[in-house]
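# Structure assessment
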Amino acid sequence: MEFHHLLERIVQDGSTHAKWLNTLSFMENAGARKISKCEHPILVTQIQLKHAAEEHRHAYYLKKQIGKIDPELCKTYESRELLAPVATRQYLHSLDIKACRYLQKAFQLTKEDLKYAAYLFVTYAIEVRADELYPVYQEILTKESSKIMVKSIILEEEGHLEEMINQLNEFSEDWQLHADKILEIEKELHQQWINAITEEVSQLNYA
Ligand SMILES: [Fe+2]
Ligand SMILES: [Fe+2]
C-alpha cells in the first residue's frame, strides 16, 4: 500500500488514528532521547540542546493531539497502544546500530567521536524522513478537515534538516557520500516499518 493511501485509511478510524499519533510520539521521544544520549557532557552546543528540546516537544505535542480524538486513548507507550509495536521499537534502534557499524568503518573514530558522528548522520536521515512524512500527513488532515494539526512540527523539522547539514559540513567534506549510505540503510528500515503498519491496519479494517 502506498504511504499516502495507508495514512488515508489510518485517519478514518479514531482509535487507529490515536495509535498512529502515539506511534509518532513514541518515535519523536526515542529520537529526542537518542540526541540527548549522544551529547558530549561538556562540549555540547546550543544547536544540539535546541534540537533535543524540540524533539521532546514533538513527542509531547503529538501525545496531546490524541486528546482531540479521545482523552482516554493511548496514555502510555504500551505495545497495545502503538501501531506495529515491534517494528516501531526496532526502527530507530536498528538504524542506530547499522549506522554506527558503517561510520566506525568509514571514519575510524574514538568512542566519543563515534557518538557525535552517529548523532549527525542518524539524525540527518531521520530529518530527511520527517520532511517527507509530516507534509503528507498534514495534507490528509487538511483534506479531512481534522482538528489535528502537525504544521508546527513541519516548520521545526525543516529547520532541523538545515542545521544537520550545517553541522555535517563542519564534520567532513565528503559527508554527502556517507550520508547517502545511511539514507539507504534508513530507507530499508522505514519500508519494513511501513509494511508492518500496513499489515496491521489491513487486518483491523478486515475485522
Ligand atoms: Fe521531530
Ligand atoms: Fe527533527
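Residues numbered from 1 in each chain as written. Chains lettered and ligands numbered in written order. Predicted model: local features only at pLDDT ≥ 70, side-chain atom pairs only at ≥ 80, totals over all residues. Heavy atoms only, no water.

Glancing now at the overall build of the chain. Counting its secondary structure elements, the chain contains seven helices and zero strands. Relative to the 2.2 N^0.38 estimate, which gives 17 Å for 207 residues, the radius of gyration of the chain is 17 Å and therefore close to what a compact globule would have. In terms of principal-axis extent, the alpha carbons of the chain reach across some 50 × 30 × 30 Å. Put simply, the chain has 207 residues, and 46% of those count as buried. Of the contacts made within the chain by residues no fewer than 6 positions apart, 78% connect residues no fewer than 24 positions apart. Roughly 10,800 Å² of accessible area belongs to the chain as shown, and the carbon and sulfur atoms make up 55% of that amount. Of the charged side chains in the chain, 24 are positive and 33 negative, and the gap between their average positions amounts to 6 Å. (Helix = DSSP H or I, 4+ residues; strand = E, 2+ residues; numbered from the N terminus. Rg over C-alpha atoms; globule rule 2.2 N^0.38 Å. Buried < 20%, exposed > 50% of the residue type's maximum accessible area, 1.4 Å probe, protein only. Contact = heavy atoms within 4.5 Å. Areas by Shrake-Rupley, 256 points an atom, 1.4 Å probe, with all protein chains shown as cover. Lys, Arg positive; Asp, Glu negative; His and termini not counted. Charge placed at Lys NZ, Arg CZ, Asp CG, Glu CD.)

Attention now moves to the state of the cysteines. Put plainly, two cysteines are in a disulfide when a covalent bond ties their sulfur atoms together. Across all of its chains, the model carries zero disulfides by this definition. Sulfur of Cys100: no disulfide; nearest cysteine sulfur belongs to Cys38 and is 7.4 Å away. (Disulfide = S-S within 2.5 Å.)

The subject of this paragraph is the coordination of the iron ion (ligand 2). The iron ion (ligand 2) binds to the protein through Glu55 (OE), Glu127 (OE), Glu127 (OE), Glu157 (OE) and His160 (ND1), with metal-donor distances spanning 1.9 to 2.6 Å. Here the iron ion (ligand 2) and the iron ion (ligand 1) are spaced 3.6 Å apart, and both take Glu55 as a donor. Placement of Glu127 in helix H5 (residues 111-143) and of His160 in helix H6 (residues 151-171) is noted, with a sequence separation of 33 residues between them. (Donors = N, O, S within 2.8 Å, 3.2 Å for Na, K, Ca; no water.)

This paragraph deals with the coordination of the iron ion (ligand 1). For a metal with four donors in a tetrahedral arrangement, the ideal angle between donors is 109.5 degrees, while six donors in an octahedron ideally sit at 90 or 180 degrees. Coordination sphere of the iron ion (ligand 1), protein contribution only: Glu28 (OE), Glu28 (OE), Glu55 (OE), His58 (ND1) and Glu157 (OE), at 2.0 to 2.6 Å. Taking relative accessible area as the criterion, Glu28 reaches 8% and is therefore assigned buried. Residue classification places Glu157 among the buried residues on the basis of a relative accessible area of 2%.

Let's shift gears to the pattern of salt bridges. Throughout the structure, instances matching the rule amount to 11 salt bridges. Of the charged contacts in the structure, one is a salt bridge between Lys75 and Glu72, with a shortest N-O distance of 3.2 Å. Residue class for Lys75 comes out exposed when judged on its relative accessible area of 53%. Glu72 gets classed as exposed once you look at its relative accessible area, which sits at 58%. Across the salt bridge formed by Glu78 and Arg80, the nearest N and O atoms sit 3.2 Å from each other. Since its relative accessible area comes to 58%, Arg80 is described here as exposed. Shared partners join several salt bridges into a network, and the residues in it are Lys50, Glu54 and Glu163. (Salt bridge = Lys/Arg side-chain N within 4 Å of Asp/Glu carboxyl O.)

Turning our eyes to something else, we now look at helix H4 (residues 85-107). With 23 residues, H4 ought to run about 33 Å at 1.5 Å a step, and its terminal C-alpha atoms sit 33 Å apart, in line with that. By the burial criterion, the buried members of H4 are Pro85, Ala87, Thr88, Tyr91, Leu92, Ser94, Leu95, Asp96, Ala99 and Leu103. Residue Gln108 follows H4 closely and has a positive phi angle near 45°. (Expected span 1.5 Å × (residues − 1).)

Between the first and last C-alpha of H6 there are 31 Å, a value that for 21 residues agrees with the 30 Å anticipated at 1.5 Å per step. Taken together, the buried positions of H6 are Ile153, Ile154, Glu157, His160, Leu161, Glu163, Met164, Gln167 and Leu168.

A word on the confidence of the model for the chain. Here the chain shows a mean pLDDT of 95. Residues at 70 or above account for 98%. Averaged over each element, pLDDT in the chain is lowest for helix H7 (residues 175-206) (94) and highest for helix H3 (residues 46-65) (97). (pLDDT = per-residue confidence, 0-100.)

Of note in this structure, Cys74 is not a glycine but carries a positive phi near 50°. Tracing the backbone shows Cys74 in the loop between H3 and H4. Take Cys74: its relative accessible area is 8%, and that puts it in the buried class. One non-glycine residue, Gln108, adopts positive backbone phi at about 45°. If you trace the backbone, Gln108 turns up in the loop between H4 and H5. Taking the relative accessible area as the measure of exposure, Gln108 reaches 62% and is therefore exposed.

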